[in-house]
Amino acid sequence: MSLLIDQNTRLLVQGITGSAGAFHAKNCMDYGTNLVAGVTPGKGGQLFEGKVPIFDTVREAKAATDCNATMIFVPPPFAADAIMAAADAGIKLIVCITEGIPVQDMQKVKVFLKDKDVTLIGPNCPGIINPTAKCKIGIMPAYIHKPGRIGIVSRSGTLTYEAVWQVSSLGLGQSACIGIGGDPVHGMTHLDAAKLFAEDPNTDAFILIGEIGGDEEEAAAAWIKENCKKPVAAFIAGATAPKGRRMGHAGAIVAGGKGTAAAKQEALRDAGIVVAATPGEMGKALVKAMQAKGAL
Amino acid sequence: MNIHEYQSKQLFERFGVATPKGAVANSAEEAAKIAEAFTHNQYVVKAQVHAGGRGKGTFKNGFKGGVHVVDTVAEVADVAGKMLNQVLVTKQTGEAGKLVSKVLIAEAVDLKKECYFAILQDRAASCPVIVASTQGGMDIEEVAATNPDAIVKEYIDPALGILPFQAVNVACALELNGPLLSQATKIITNLYKLFAALDCSMVEINPLVVTTDDKVMALDAKFNFDDNALYRHPEIVEMRDESEEDPREVEADKYNLNYIGLDGNIGCMVNGAGLAMATMDIIKHYGGSPANFLDVGGSATEEMVTNAFRILTADPQVKAILVNIFGGIMRCDVIAQGIVAAAKTIDMKIPLVVRLEGTNVEIGKKILAESGVAIITAENLDDAAQKAVAAAQ
């Protein structure tokens, strides 16, 4: 599974009986994802959509269904615990959609996951989709995606959809789209995703969508400069954001002069990445990057 | 979320962090009564506003300085009287200034040493970090730029909390050793306990001082709290002073709308923080200026959309509105119903540009088309931004 999910993915949904959890579990199932179990403590023994068994604990779900990935919709006060419960039960891919988890809770999660063989995507993210394998773990509108060979990684949900839309409109499809989330403390980074796409035989090029705050885009750029031969395009949101204000995402803040859009754009350009001037030009930037490397 | 200095003092007292005696007054009489109870014969009177630069600020009544050190109780009352119910302008308040409705009366202390001490969340390391320097009272970013060796950092394991040796490391790096060491480790440890217990994103003590009678104290403090964790700290939420915030933001907050006021004339309503930022960027790119950042979120209801519209249209600087929605969790039909409901209750006099894409987009477009509301529709992001910029002119 070079892009984390495919037809062998056996999905668990934690928080499956809540309204968002149920809505999106159904959507994933309808798209083609193999949904094998749900977990809601206190509701063990029930069935979701008349066929998917619900368990009280992740451990029970894992034992009964051999689920190997989970999608978390648990409310913020309990979401960090849900991530750790999944990791403890041996789930290898954890996608946490929940927005609003306290920073301290996520720091403890990172300590808990440190020596475990687990990939965490999110929290506060739209999830991951592989249109070729017809598998999605997330809340993205499936119909805008097309099977293809372009990877997309982003800190923002709706901005990812925007990029997907533009790529699909160009007649190119996606190998995988990964939303890594807008929180300051999170799992998979831009660098991790860049490595996945760089090494994936089914990905020809990728788009990296960042925003103000932190320095993960710079870290990805530095790695790409040295290690990645594939064409890469990028966009950074928040060039016009006032300093010191959190722009919706808990992690989108320019603090102490660090994390500016200008610094990120500079690092990306320095790595040979084509940076889109506006969010409307992400698709065009990708084409330019691919043409420059003879990939289109 | 920010709090006032006098509220910081209350938190210090709760967590055993030494700080000069002080209390808050709403009137000159109250100020005098507080000062009378002190044993010191020098007092500090400080205007309570969230903005920095108070000492060098000027009141609109001509009185200079939001921080005064005085020698008598009568002077305390006099100075407090000149500050209270007056508007203080500092380099951070803008020309409008801030109304001072409370003053802090504290005992003045004589200092022989000033340090800088802060605890913040380190993003790259995913843990809290103590940042300290013997160069107290100065701008820490300037120290970091000119003399980085003067700054010491101690990373704290979030699962273990601060360990005794770490507190000693920091105290010794600040040269708070010898007879000061036990006081210093206690104040450092208790500040970390406060930071962790209250889910702070930053606690900055500038300066952390040694008095001439060898007491280690926190003289001034700046707190930031993790908004995501406020649900478990109702006592901190109670400290919120809405009069210090942008009234548009206070109103938006009531409806769980993520709103940040800006200076431009194009009101924006977008779903998703990244797309909202990108929408601001593209408006600027086409020569316009956004009036706000507004993320209606992934699970907005029709009522939230209606309220978002009310806030945008109530802003007199807004000359056009751009709605940019790419539906994922958020369904386009919900947005469309909200727009129609809002347009029917609010007397819309300004142009409205709408761009919808994503889940249930066809139903959404149909609702808009059949509503009879005057709407300029846009096909993509560039088209939407250009139409909004043109409409605002």
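Residues numbered from 1 in each chain as written. Chains lettered and ligands numbered in written order. Predicted model: local features only at pLDDT ≥ 70, side-chain atom pairs only at ≥ 80, totals over all residues. Heavy atoms only, no water.

**Student:** Outline the overall build of chain B, supporting the account with residue identities and numerical values.
**Tutor:** Per the secondary structure count, chain B includes 13 helices and 19 strands. Along the longest, intermediate and shortest principal axes, the C-alpha atoms of chain B span 80 × 50 × 40 Å. Long-range contacts, defined as pairs at least 24 residues apart, comprise 68% of the intrachain contacts of chain B with a sequence gap of at least 6. When the accessible surface of chain B is summed, it comes to about 16,600 Å², and 51% of that surface belongs to carbon and sulfur atoms. (Helix = DSSP H or I, 4+ residues; strand = E, 2+ residues; numbered from the N terminus. Contact = heavy atoms within 4.5 Å. Areas by Shrake-Rupley, 256 points an atom, 1.4 Å probe, with all protein chains shown as cover.)

**Student:** Break down the sheet that holds strand β3 (residues 58-59) of chain B for me, citing the residues and quoting the values.
**Tutor:** Residue and element names in this part refer to chain B. Strand order in the open sheet formed by three strands is β3-β5-β6, and the pairing between neighbours is antiparallel. Two strands close off the open sheet at either side, each with one partner strand: β3 and β6 (98-100). Taken together, the two bridges between β3 and strand β5 (residues 86-89) define a ladder with antiparallel strand orientation. By the bridge assignment, F59 is partnered in β5 with L88. (Pairing = 2+ DSSP bridges.)

**Student:** Explain helix α13 (residues 381-392) of chain B to me, using residue names and the numbers behind them.
**Tutor:** Here α13 of chain B spans 17 Å end to end across twelve residues, near enough to the 16 Å set by a 1.5 Å rise per residue. Of all the positions in α13 of chain B, only L381, D382, A384, A385, A388, V389 and A392 of chain B are classed as buried. Taken down its axis, α13 of chain B places every buried residue within 165° of arc, on the same side. In this fold, the buried residues of α13 of chain B make contact with α5 (157-169) of chain A together with β15 (266-270), α9 (273-285), β17 (320-327) and β18 (352-358) of chain B. Structurally, the start of α13 of chain B carries an N-cap: the backbone nitrogen of D382 of chain B is 3.2 Å from a side-chain oxygen of N380 of chain B. (Expected span 1.5 Å × (residues − 1). Buried < 20%, exposed > 50% of the residue type's maximum accessible area, 1.4 Å probe, protein only. Arc of directions from axis to C-beta. Polar contact = N/O pair within 3.5 Å; in protein donor to acceptor, adjacent residues only side chain to side chain.)

**Student:** Give a description of the environment of L4 of chain A that names residues and reports values.
**Tutor:** Residue and element names in this part refer to chain A. In this fold, L4 is placed in the segment before β1 (11-14). The buried category is assigned to L4, whose relative accessible area is 16%. Along the primary structure L4 and A69 are separated by 65 residues, whereas in three dimensions their C-alpha atoms are 9.4 Å apart.

**Student:** Run through the domain arrangement of chain A, naming residues and quoting values.
**Tutor:** All names here are of chain A. Domain assignment breaks chain A into domain 1 (11-121) and domain 2 (140-292). Distance between the C-alpha centres of domain 1 and domain 2: 26 Å. In this assembly, nine residues from domain 1 lie in contact with ten residues from domain 2. When domain 1 packs against domain 2, the two sides together hide about 770 Å² of surface, and 65% of this comes from carbon and sulfur. Taken together, the links from domain 1 to domain 2 amount to zero salt bridges. (Domains from an automatic or database assignment. Buried area = accessible area lost by both parts, 1.4 Å probe. Salt bridge = Lys/Arg side-chain N within 4 Å of Asp/Glu carboxyl O.)

**Student:** Summarise the environment of K215 of chain B; cite the residues concerned and give the values.
**Tutor:** Residue and element names in this part refer to chain B. With respect to the helices, strands and loops of the structure, K215 is situated in the loop between β11 (200-211) and β12 (216-218). Along the primary structure K215 and Q183 are separated by 32 residues, whereas in three dimensions their C-alpha atoms are 7.6 Å apart. Once residues within four sequence positions are removed from consideration, K215 is found in contact with Q183, V209 and V210.

**Student:** An account of the interface of chain A and chain B is requested, with residue identities and associated values reported.
**Tutor:** At the interface, 53 residues of chain A touch 47 residues of chain B. Summed over both partners, the interface of chain A with chain B comes to about 3,900 Å²; 59% of that surface belongs to carbon and sulfur atoms. For the pair chain A and chain B, the interface holds three salt bridges. Between E162 of chain A and R355 of chain B there is a salt bridge, with the nearest N and O atoms lying 2.8 Å from each other. Here chain A and chain B share 13 residue pairs in polar contact (both at pLDDT 80 or more) between them. Only α1 (19-31), α4 (103-113), α5 and β13 (232-237) of chain A provide two or more residues apiece to the side of chain A that touches chain B. Classifying every residue of the side of chain A that touches chain B by side-chain character gives 28 nonpolar, 16 polar and nine charged. (Nonpolar A, V, L, I, M, F, W, Y, C, P; charged D, E, K, R; others polar.)

**Student:** Tell me what's going on with the sheet that holds strand β8 (residues 127-130) of chain A, and back it up with residues and numbers.
**Tutor:** All names here are of chain A. Taken together, the seven strands give an open sheet; going across it, the order is β9-β8-β11-β10-β12-β13-β14, and neighbouring strands pair in mixed fashion. The sheet is open, and its two edges are formed by β9 (135-138) and β14 (274-275), each paired on a single side. Direction of pairing for strand β12 (residues 205-211) relative to β13: parallel, over a ladder of six bridges. What sits directly across from I209, in β13, is F235. Together, β8 and β9 form the strand contacts of α1, whose direction differs from that of β9 by roughly 170°. Where helix α7 (residues 216-227) meets the sheet, it contacts β12 and β13, and its direction lies at approximately 150° from that of β12. (Axes fitted to C-alpha atoms, helices over the stretch in contact; angles between N-to-C directions.)

**Student:** Please set out unusual backbone geometry residue by residue, giving values where relevant.
**Tutor:** In most cases, non-glycine residues show a negative phi, while peptide bonds are predominantly trans. Here the residue pair G122 of chain A and P123 of chain A is connected by a cis peptide bond, since its omega of 10° sits within 30 degrees of zero. Position of P123 of chain A relative to the elements: it lies in the loop between β7 (119-121) and β8. Looking along the chain, the bond that leaves N206 of chain B and enters P207 of chain B is cis, with omega of 15°. Along the chain, the position of P207 of chain B falls in strand β11. The residue L4 of chain A is not glycine, and still its phi comes out positive at about 70°. One non-glycine residue, D199 of chain B, lies in positive phi territory at about 55°.

**Student:** Go over the packing of α9 of chain B against α13 of chain B, please, and point to the residues and values.
**Tutor:** All names here are of chain B. Viewed as axis vectors pointing N to C, α9 and α13 meet at an angle of 55°, and their least axial separation amounts to 9 Å. The angle between α9 and α13 places the two elements in the oblique class. Handedness of the α9/α13 crossing: right-handed. Along its contact with α9, which presents L275, T279, I282 and I283, the element α13 presents L381, D382, A385 and V389. The class makeup of the residues in the contact of α9 with α13 is six nonpolar, one polar and one charged. (Parallel < 35°, antiparallel > 145°, perpendicular 65-115°, else oblique. Left-handed = near helix turned anticlockwise from the far one by under 90°.)

**Student:** Run through helix α2 (residues 28-36) of chain B, naming residues and quoting values.
**Tutor:** Residues and elements named next belong to chain B. Those residues of α2 not exposed but buried are A28, A31, A32, I34 and A35. Down the axis of α2, the buried side of the element spans an arc of 160°, and every buried residue falls inside it. When the buried face of α2 is taken as reference, the exposed residues oriented beyond 90 degrees from it are E29, K33 and E36.

**Student:** Go over the pairing of β18 of chain B with me, naming the residues and quoting the values.
**Tutor:** Residue and element names in this part refer to chain B. Most of β18 sits inside the fold, with seven of its seven residues counted as buried. Taken together, the seven bridges between β17 and β18 define a ladder with parallel strand orientation. Looking at β18, one finds that G327 is bridged to G358. Bridge count for β18 against strand β19 (residues 376-377) is two bridges, and the pairing is parallel. Bridging from a neighbouring strand, V353 pairs with I376 of β19. For the crossover that starts at β18, traverses helix α12 (residues 361-371) and ends in the parallel β19, the hand is right-handed. (Right-handed = clockwise from strand over helix to strand, strands pointing away.)

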